[in-house]
Amino acid sequence: MTGRDEAADLAAALGEPWTAPRVRPLDRRLAVDQDSVERGLASLVLTVIELLRQLMERQALRRVDLGDLTEEQVERVGATLMALEEQMTQLREYFGLSPEDLNLDLGPLGPLLPTD
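Residues numbered from 1 in each chain as written. Predicted model: local features only at pLDDT ≥ 70, side-chain atom pairs only at ≥ 80, totals over all residues. Heavy atoms only, no water.

A. Local environment of the overall build of the protein chain. The secondary structure content of the protein chain amounts to four helices and zero strands. Element order for the protein chain, N to C, with α for helix and β for strand: α-α-α-α. Going through the 116 residues of the protein chain one by one, you find that 15% of them count as buried. Considering only intrachain contacts with a sequence separation of at least 6, the fraction spanning at least 24 residues in the protein chain is 59%. When the accessible area of the protein chain is evaluated, it comes to approximately 9,400 Å², of which 57% is carbon and sulfur surface. (Helix = DSSP H or I, 4+ residues; strand = E, 2+ residues; numbered from the N terminus. Buried < 20%, exposed > 50% of the residue type's maximum accessible area, 1.4 Å probe, protein only. Contact = heavy atoms within 4.5 Å. Areas by Shrake-Rupley, 256 points an atom, 1.4 Å probe, with all protein chains shown as cover.)

Written out as structure tokens, the structure reads:
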């Protein structure tokens, strides 16, 4: 028995006439603004990247505090993290996003990113 037959049987059991649902193209049902979709997607991607950047930064600081890194490694990590932060700033500006736009509100869990 197919889904259509099951639906027709259910409708008959309820005493209602069954008509197949009318399928319309997605663009008729949703008013999609390309700019808002692009900005929303950019916000989501940059949020994930910012979360990873902050996690990497914290891990690097822990390793520096523990003395696990040589002076050269500390310099390289610092330069890399500064370059990544600068790149994130440029990307946020390009898409017209503020740092607060990347901090998703997780309801009772609070914000996704720490607000140091």
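Additional details are given in the paragraphs that follow.
B. Region of the structure containing the packing of aromatic side chains. In the structure shown here, the tally under the stated rule is one aromatic pair. Ring geometry for Y94 versus F95: centroids 4.9 Å apart, planes at 90°, classification edge-to-face. The exposure class of Y94 is exposed, given its relative accessible area of 65%. A relative accessible area of 23% means that F95 is categorised as partly exposed. (Phe/Tyr/Trp six-rings, centres within 6.5 Å; stacked < 30°, edge-to-face > 60°.)

C. Up close: the side chain of Q54. By secondary structure assignment, the location of Q54 is in helix 3 (residues 34-66). Side chain to side chain, Q54 and E50 meet in a polar contact 2.9 Å long. Not counting residues within four places of it along the chain, the set of residues in contact with Q54 comprises L113 and P114. (Polar contact = N/O pair within 3.5 Å; in protein donor to acceptor, adjacent residues only side chain to side chain.)

D. Summary view of the layout of surface pockets. Space inside the largest pocket adds up to approximately 230 Å³. Around the largest pocket, the lining is made up of 14 residues, and of these E50, Q54, P99, E100 and L113 lie nearest the centre. Those elements that provide at least two residues to the lining of the largest pocket are helix 3 and helix 4 (71-95). Tallying contributions element by element places helix 4 first for the lining of the largest pocket, with four residues. Taken together, the residues of the lining of the largest pocket break down into five nonpolar, four polar and five charged. (1 Å grid on protein atoms, 1.4 Å probe; cavity = no way out; pocket = protein on both sides within 12 Å on 5 of 7 lines; lining within 4 Å. Points joined across faces, edges and corners; volume = space filled by probe spheres on them. Nonpolar A, V, L, I, M, F, W, Y, C, P; charged D, E, K, R; others polar.)

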